[in-house]
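What follows is each chain in one-letter form.
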Amino acid sequence: MRLRSAGKGTRMQDKLREIELLASSPNGGDRCKAVERLAELSRAPESKEEPRCFELLKALGGDSKYEVRQTFAEQCILLPDDWLWKLLPPLLEDPNPFVRRSAQRVRKQRGS
């Protein structure tokens, strides 16, 4: 049983390293990919035990490029409730209308 758990942890760490590389790229498209992969990864129960997941999400949600923030807003639908309601509010007041509308759609779909 421990071996399976350790294997999952190792895979999580490998995926996070990949995502961190994408997130630190100067290319906005790479950062959008990081958002998509991280949102998908956040669905795994073990992601809640890894503080880097939330911190990366938080950083990407405040990205300087609106395209990354819009992708982030769209992917918020996949986040666990507690993360969603911590990360979505700034996007609801984003200066970019595309980001705001995406965030509003997620809020409507997830209900609040």
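Residues numbered from 1 in each chain as written. Predicted model: local features only at pLDDT ≥ 70, side-chain atom pairs only at ≥ 80, totals over all residues. Heavy atoms only, no water.

### Let's talk about helix α2 (residues 28–41)
Between its first and last C-alpha atoms α2 spans 20 Å; for 14 residues at 1.5 Å apiece the expected length is 20 Å, and the two agree. When we look at burial in α2, the residues that qualify are G28, R31, C32, A34, V35, L38, A39 and L41. (Helix = DSSP H or I, 4+ residues; strand = E, 2+ residues; numbered from the N terminus. Expected span 1.5 Å × (residues − 1). Buried < 20%, exposed > 50% of the residue type's maximum accessible area, 1.4 Å probe, protein only.)

### Considering the pattern of salt bridges
This model, assessed by the stated rule, comprises 8 salt bridges. A salt bridge links D14 to R17; the nearest nitrogen and oxygen atoms lie 2.7 Å apart. Of this pair, D14 and R17 both sit in helix α1 (residues 2–23), 3 residues apart, roughly one helical turn. Given a relative accessible area of 38%, D14 falls into the partly exposed group. Classification of R17 by relative accessible area gives partly exposed; the value is 45%. Overlapping salt bridges bring together E20, E50 and R52 as one network. (Salt bridge = Lys/Arg side-chain N within 4 Å of Asp/Glu carboxyl O.)

### A closer look at the packing of helix α3 (residues 51–61) against helix α4 (residues 66–75)
Put simply, α3 and α4 touch, their axes get as near as 8 Å, and they point 130° apart. The orientation of α3 relative to α4 falls into the category oblique. Contacts between α3 and α4 pair L57, L60 and G61 from the former with V68, R69 and F72 from the latter. Residues belonging to the contact of α3 with α4 are distributed by class as follows: 4 nonpolar, 1 polar and 1 charged. (Axes fitted to C-alpha atoms, helices over the stretch in contact; angles between N-to-C directions. Parallel < 35°, antiparallel > 145°, perpendicular 65-115°, else oblique. Contact = heavy atoms within 4.5 Å. Nonpolar A, V, L, I, M, F, W, Y, C, P; charged D, E, K, R; others polar.)

### Some points on the side chain of T71
As for its placement among the helices and strands, T71 is situated in helix α4. Judged by relative accessible area, which is 10%, T71 ranks as buried. Ignoring sequence-local partners within four residues, the contact set of T71 consists of C32, V35 and E36.

### Remarks on the nonpolar core
Core analysis: the largest hydrophobic core is formed by 29 residues, its most contacted members being L38, L60, F72, C76, L88 and L91. Secondary-structure elements contributing two or more residues to this core are α1, α2, α3, α4, α5 (81–87), α6 (89–92) and α7 (97–110). Those residues within four positions of L91 in sequence are excluded, and the remaining contacts are G61, R69, F72, A73, C76, V99, R100 and A103. (Core = buried A, V, L, I, M, F, W, Y, C linked by side-chain atoms within 4.5 Å.)

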